[in-house]
Structures are given as structure tokens and as C-alpha cells.
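For reference, the chains in residue letters:
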Amino acid sequence: MGQSAVGFLEVQGYSVALAAMDQACKAANVRIHGIDANNPDASATLIVPLIVQVKFSGDVADVLHALEVARETARRYLPEEAILTRCIPAGMPGLEKLLAVGKVKRK
């Protein structure tokens, strides 16, 4: 197992986030820790008026591949500027507890 990393996908729309992460999880060995959703300011002009962020982890190579696949999938529904992806290539002790914080709760 290689160095661990944390990945973040932020898109407009819950269904877009789910579709993108479904494909990402099928393509790479990553674990979703949390999903958060925020309604943007009423004056914002967005395609879908909901911002969703998915937080996940895995080896650096898996996280980078998952982000690539998630971006490709989200591009089917959204323009490039409506998709944000980030990779933090090294986890810190205690970070995983923060990843689970969000409005969408696991049962």
C-alpha cells in the first residue's frame, strides 16, 4: 500500500456527485468518508442550485485516478468550471474524523 491521500470532489447537484463518485469508486480503490451540501447565495447563477462536496481517501494513485474519473463523469452533465477536484497527498492524524462531517449522514 502506498502513501495515503485525501480527495475532494465538488460539483453542482447531488445526482451529479453520486454519478461521478459511483464511477470513481468502480475505477479506483477509494473510501468515501462524507458528503456535504450547501445552497449557494440566491444571487448565484448556477446550473443546479446546490453545491455538493464528496470527501474520500485511498492511496495517492487511487485518489488521483478517482478524481480523474469523477471529473470525466461530471463533465457529461456540467461545464468544466462547475467542477472542482483536489488531492491532498498526505493525511494528517485526526483528519479522517473531519472528513465525515457533513449534512449527509451514513446509517
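A.B. asks: What is the right way to look at the overall build of the protein in this model?
C.D. replies: Looking only at helices and strands, one finds 3 helices and 4 strands in the protein. Ordered by position from N to C terminus, the α and β elements of the protein give β-α-β-β-α-β-α. Burial statistics for the protein: of 107 residues in total, 37% are counted as buried. Summed over all atoms, the accessible surface of the protein reaches about 6400 Å², with 57% contributed by carbon and sulfur.

A.B. asks: When you look at the packing of helix α1 (residues 14-27) against helix α2 (residues 60-74) in this model, what are you seeing that I'm missing?
C.D. replies: Any two packed helices are characterised by the angle at which their axes cross and by the distance between the axes. One way to put it is that α1 packs onto α2 with a least axis distance of 8 Å and a crossing angle of 140 degrees. Regarding the angle of α1 to α2, the classification is oblique. For the pair α1 and α2, the sense of crossing is right-handed. In contact with Val 16, Ala 19, Ala 20, Met 21, Gln 23, Ala 24 and Ala 27 of α1, α2 contributes His 65, Ala 66, Val 69, Ala 70, Thr 73 and Ala 74. Of the residues that constitute the contact of α1 with α2, the class distribution is 10 nonpolar, 3 polar and no charged.

A.B. asks: Just to check I follow, could you spell out the pairing of strand β1 (residues 4-12) for this structure?
C.D. replies: If a strand is regular, its side chains alternate between the two faces of the sheet. For β1, a buried count of 7 out of 9 residues is recorded, marking the element as mostly surrounded by other parts of the structure. Of the strand pairs in this sheet, β1 and strand β3 (residues 51-59) are connected by 9 bridges, and their pairing is antiparallel. Counted as the bridge partner of Leu 9 is Val 54 from β3. Two strands pair when backbone bridges link them, and β1 and strand β4 (residues 83-88) are joined in this way by 6 bridges, in the antiparallel orientation. When the sheet's bridge partners are listed, Gly 7 is paired in β4 with Cys 87.

A.B. asks: Sorry, what's going on with the pattern of salt bridges here?
C.D. replies: A side chain with one charge may pair with a side chain of the opposite charge, provided their charged atoms come close. In the structure shown here, the tally under the stated rule is 3 salt bridges. Note that Asp 22 is salt-bridged to Lys 26, the shortest N-O span being 3.1 Å. Residue Asp 22 and its partner Lys 26 are located together in helix α1, separated by 4 residues, close to a single helical turn. The exposure class of Asp 22 is partly exposed, given its relative accessible area of 34%.

A.B. asks: What am I meant to see in the nonpolar core here?
C.D. replies: Side chains that are nonpolar tend, in soluble globular proteins, to be buried together. In this structure, Leu 9, Val 11, Met 21, Val 54 and Phe 56 are the most contacted members of the largest nonpolar core, which totals 23 residues. The set of elements that each furnish at least two residues to this core consists of β1, α1, β2 (30-38), β3 and α2.

Rules used throughout
Residues numbered from 1 in each chain as written. Predicted model: local features only at pLDDT ≥ 70, side-chain atom pairs only at ≥ 80, totals over all residues. Heavy atoms only, no water. Helix = DSSP H or I, 4+ residues; strand = E, 2+ residues; numbered from the N terminus. Buried < 20%, exposed > 50% of the residue type's maximum accessible area, 1.4 Å probe, protein only. Areas by Shrake-Rupley, 256 points an atom, 1.4 Å probe, with all protein chains shown as cover. Axes fitted to C-alpha atoms, helices over the stretch in contact; angles between N-to-C directions. Parallel < 35°, antiparallel > 145°, perpendicular 65-115°, else oblique. Left-handed = near helix turned anticlockwise from the far one by under 90°. Contact = heavy atoms within 4.5 Å. Nonpolar A, V, L, I, M, F, W, Y, C, P; charged D, E, K, R; others polar. Pairing = 2+ DSSP bridges. Salt bridge = Lys/Arg side-chain N within 4 Å of Asp/Glu carboxyl O. Core = buried A, V, L, I, M, F, W, Y, C linked by side-chain atoms within 4.5 Å.

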